[in-house]
Amino acid sequence: MNACVCGALLTDHGNEGSPITYDAGTGKYRLEASPDIVVEDMRCLMCGGQGIGVRDRMCACGTVERWAAAEDSPVYRNEHNGLLMLKGRERSDGLTPHYAIWYCPVCGGRMGEAAYVDEV
C-alpha cells in the first residue's frame, strides 16, 4: 500500500513545525509526535494511502484512540468538532500547527465514524 495517494505527505513533510519527515533512502515517511509516539513507516493522515473519503478499510488497530487517551499526549479530540487532532511543534513565529487525523498513520484505516464529524 502507498503511504499517500492524495499528495498531502509530499507537500507537508519537512515544513517547520511538522512532526513528519521523509527518508529519501528508504522512501518512507516518519511521524515523530513525541518520544512515545513514533511511526517509522507512516500512512497519510488525510488519505491513509486509500484516497480521501474512501471508507473501504476502517482503522482496527485503535492506536490513535490510545494516543488520545494518554495524559499529555499531542493527540487529542477537538472539543468543538470531535475531530482527533495531532499537535505539531511550535514554529519560529510562535504558532503551532495542528493536523486533523482522518486516517490512522499506523494501519492506514479510516478513523471510525465516532472519531470525526462527517463532511458537512
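It should be noted that the structure appears before, not after, this text.
A brief look at the structure comes next.

The rules behind these values
- Residues numbered from 1 in each chain as written.
- Predicted model: local features only at pLDDT ≥ 70, side-chain atom pairs only at ≥ 80, totals over all residues.
- Heavy atoms only, no water.
- Core = buried A, V, L, I, M, F, W, Y, C linked by side-chain atoms within 4.5 Å.
- Buried < 20%, exposed > 50% of the residue type's maximum accessible area, 1.4 Å probe, protein only.
- Helix = DSSP H or I, 4+ residues; strand = E, 2+ residues; numbered from the N terminus.
- Pairing = 2+ DSSP bridges.
- Axes fitted to C-alpha atoms, helices over the stretch in contact; angles between N-to-C directions.
- Lys, Arg positive; Asp, Glu negative; His and termini not counted.
- Salt bridge = Lys/Arg side-chain N within 4 Å of Asp/Glu carboxyl O.
- Contact = heavy atoms within 4.5 Å.

1. Describing the nonpolar core
- Core analysis: the biggest nonpolar cluster contains 23 residues, and Leu9, Leu31, Met42, Val64, Leu86 and Ile101 have the highest contact counts within it.
- Taken together, the elements giving at least two residues each to this core come down to strand E2 (28–34), strand E3 (37–39), helix H2 (63–69) and strand E5 (84–87).
- Among the elements that take part in this core, E2 stands out by supplying three residues, more than any other.

2. Brief notes about the sheet that holds strand E1 (residues 20–23)
- If you trace the three strands from one edge of the open sheet to the other, you get E1-E2-E3, paired in antiparallel fashion. For this open sheet the edge positions go to E1 and E3, each flanked by a neighbour on one side alone. Averaged over all pairs of adjacent strands, the angle between strand axes in this sheet comes to 15 degrees, irrespective of strand direction.
- Inspection of the sheet shows E1 paired to E2 by four bridges, in the antiparallel sense. If you follow tyrosine 22 over to E2, its bridge partner there is tyrosine 29.

3. Details of the side chain of aspartate 12
- In this fold, aspartate 12 is placed in helix H1 (residues 8–12).
- No salt bridge is formed by the buried aspartate 12, whose closest oppositely charged neighbour, arginine 91, lies at an N-O distance of 8.2 Å.
- With near-sequence residues (within four places) excluded, aspartate 12 lies in contact with Ser18, Ile20 and Tyr99.

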